[in-house]
Amino acid sequence: MNNQNPIIAALDVPDAARALALAEQLAPAVGAFKIGKELFVAEGPDIVRRVRDTGASVFLDLKFHDIPNTVAKAVASAARLDVQMLTVHASGGTQMLRAAQAAADEAANTPLILGVTVLTSMDKSDLEELGIQKNPADQVQHLATLATAAGLKGLVCSPMEIAPLRKILPDDIQLITPGIRPAGTDTGDQKRIMTPAEAIEAGASWLVIGRPICAAKNPRAGAEAILESLAGLAK
Ligand code: C5P
């Protein structure tokens, strides 16, 4: 999976019919599709197979967090579905992260395992409630270092975290960021946003984009306009 086209369209819809219609329409204009909990819980692994059958790459965003053996088995199952990326919570700890990466490495088609650091919905007081005294930015760096030391080659982070993480991480670590809004579009509930071009210039490898594409009147045109805005930018 290469990121010649770094747009990952989030198929945030509740059923297979809508997901497949969107995937068919968007396939030529995006680099991959993200399948998250809403769609996966409704439709099961079959929706992953059906999107893969269109030839598209799939990012399975189920954010695994469990004991190492269970996460390893879940990663192996996801790899058998031939997904190209999947998420685990970095806060599952080194043993869990190593088990996840080992299961991916053993698979016939190794997916990129992405560590989720601190959910962007959490602020300092949410961390304090969990007994974590660091501020979110420092906790993100702490968990990013932990995850990459455990062998992960990718992380999910907010656009604001890309530049600080690029300073401390090896160059080959892939950074995937949501919170992307093309200039002049509705921000919805995303607060700390960047435009696609700003995020790529800051060092993002991939952009997860949901509503600006999928809720557009013409999703294909929305994706093409974003791709056009990235023309000529270094990745
Ligand atoms: O519609 P929007 O572009 O905001 O969608 C972004 C996608 O990325 C959604 O699937 C959302 O769940 C996901 N996401 C996010 N923020 C995170 C992690 C994931 O918006 N921190």
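Anyway, here's the lowdown on the structure attached to this text. Along each chain, residue indices are assigned from 1 in the same order as the chain's sequence is written. Where local features are concerned, this predicted model is filtered to residues with pLDDT of at least 70; where side-chain atom pairs are given and counted, the filter is 80 or more; whole-chain, interface and lining totals use all residues. Working from all heavy atoms in the structure, the side-chain values ignore hydrogens and water.

**Side note on the nonpolar core**
The condition is simple: In these notes, a set of buried Ala, Val, Leu, Ile, Met, Phe, Trp, Tyr and Cys residues joined through side-chain atoms within 4.5 Å is what counts as a nonpolar core. Buried means the residue's accessible area, taken with a 1.4 Å probe over protein chains only, is under 20% of the maximum for its type, while exposed means over 50%, and partly exposed covers the values in between. Here a residue-residue contact requires only that any non-hydrogen atoms of the pair lie within 4.5 Å.
One finds Ile35 and Val88 to be the most contacted residues of the largest nonpolar core, which totals 67 residues. Beyond its immediate stretch of four places on either side in the chain, Val88 contacts Lys63, Phe64, Val71, Met96, Leu97, Ala100, Ile113, Leu114, Gly115, Val116 and Leu152. If you look at the next biggest cluster of nonpolar residues, it comprises 12 residues, including Ile8, Ala10, Phe59 and Leu114.

**Observations regarding the pairing of strand 7 (residues 174–177)**
How we decide: Here a strand pair is declared whenever DSSP counts at least two bridges between the two strands. For the purposes of this entry, the term helix denotes a DSSP run of H or I that reaches at least four residues, the term strand denotes a run of E that reaches at least two, and both are numbered from the N terminus. By definition, the crossover connecting two strands over a helix is right-handed if that path, from the first strand to the second, turns clockwise as seen with the strands pointing away from the viewer.
Relative to strand 7, strand 6 (residues 154–156) runs parallel, the two being bridged by three bridges. Each bridged residue has a counterpart across the sheet, and for Leu155 the counterpart in strand 7 is Leu175. The parallel pair strand 6 and strand 7, bridged by helix 8 (residues 159–168), forms a crossover whose chirality is right-handed. Two elements, strand 7 and strand 8 (residues 206–209), share two bridges in a ladder whose sense is parallel. If you follow Thr177 over to strand 8, its bridge partner there is Leu207.

**Quick word on the sheet that holds strand 3 (residues 58–64)**
We count it as follows: Orientation is described by axes fitted as lines to C-alpha atoms, over the contacting stretch for helices, and by angles from 0 to 180 degrees between their N-to-C directions.
Here we have eight strands rolled up into a closed barrel, ordered 1-2-3-4-5-6-7-8, and parallel in their pairing. Going across the sheet, the axis of each strand differs from the next one's by a mean of 25°, ignoring polarity. Across five bridges, strand 4 (residues 85–89) lies against strand 5 (residues 112–116) in parallel orientation. From the neighbouring strand, Met85 faces strand 5, where its bridge partner is Leu112.

**What about the site of the ligand?**
Rules: Consider each residue's heavy atoms; a residue with any of them within 4 Å of a molecule or strand counts as near. Polar contact is defined as a pair of N or O atoms within 3.5 Å, subject to the rule that within protein one atom must be able to donate a hydrogen and the other to accept it, and that residues adjacent in sequence are counted only when both atoms are side-chain atoms. Here, Shrake-Rupley sampling with a 1.4 Å probe gives the accessible areas, and only protein chains in the shown set may cover a residue. By the convention adopted, Pro, Cys, Tyr, Trp, Phe, Met, Ile, Leu, Val and Ala count as nonpolar, Lys, Arg, Asp and Glu as charged, and the other residues, Gly among them, as polar.
Around the ligand, the neighbouring residues are Ala10, Asp12, Lys34, Thr120, Pro178, Arg181, Gln190, Val208, Ile209, Gly210, Arg211 and Pro212. Arg211 places a polar main-chain atom, nitrogen or oxygen, 2.7 Å from an oxygen atom of the ligand. For the ligand, whose unbound accessible area comes to 460 Å², protein coverage reaches 80%. Only strand 8 and helix 10 (211–214) provide two or more residues apiece to the shell around the ligand. The class makeup of the residues in the shell around the ligand is five nonpolar, three polar and four charged.

**Some words on the packing of helix 1 (residues 16–26) against helix 11 (residues 219–229)**
Defined as follows: Roughly parallel covers angles under 35 degrees, roughly antiparallel covers those over 145, roughly perpendicular covers 65 to 115, and oblique covers all other angles. Crossing handedness: left-handed means the near helix sits turned counterclockwise from the far one by under a right angle, and right-handed means the same turn made clockwise.
For the pair helix 1 and helix 11, the least separation of the axes is 9 Å and the interaxial angle reads 45°. It follows from the interaxial angle that helix 1 and helix 11 lie oblique. Along this stretch, helix 1 crosses helix 11, giving a crossing that reads as right-handed. Contacts between helix 1 and helix 11 involve Leu22, Gln25 and Leu26 from the first element and Pro219, Arg220 and Ala223 from the second. Across the contact of helix 1 with helix 11, the residue classes tally to four nonpolar, one polar and one charged.

**Comments concerning the pattern of salt bridges**
Pairing between side chains becomes possible if they bear opposite charge and their charged atoms approach one another. Threshold: Put simply, a salt bridge is a Lys or Arg side-chain nitrogen that is within 4 Å of an Asp or Glu carboxyl oxygen.
Counting across every chain of the model gives eight salt bridges. The salt bridge partner of Asp15 is Arg18, with a shortest N-O separation of 2.7 Å. According to the relative accessible area criterion, Arg18 is partly exposed, its value standing at 48%. Asp61 is the partner of Lys34 in a salt bridge, and the nearest nitrogen-oxygen pair spans 2.8 Å. Separated by 27 residues along the polypeptide, Lys34 in strand 2 (residues 32–36) and Asp61 in strand 3 bring together distant segments of the chain. When sorted by exposure, Lys34 lands in the same class as Asp61, which is buried. The network of salt bridges with common partners includes Lys34, Asp61 and Lys63.

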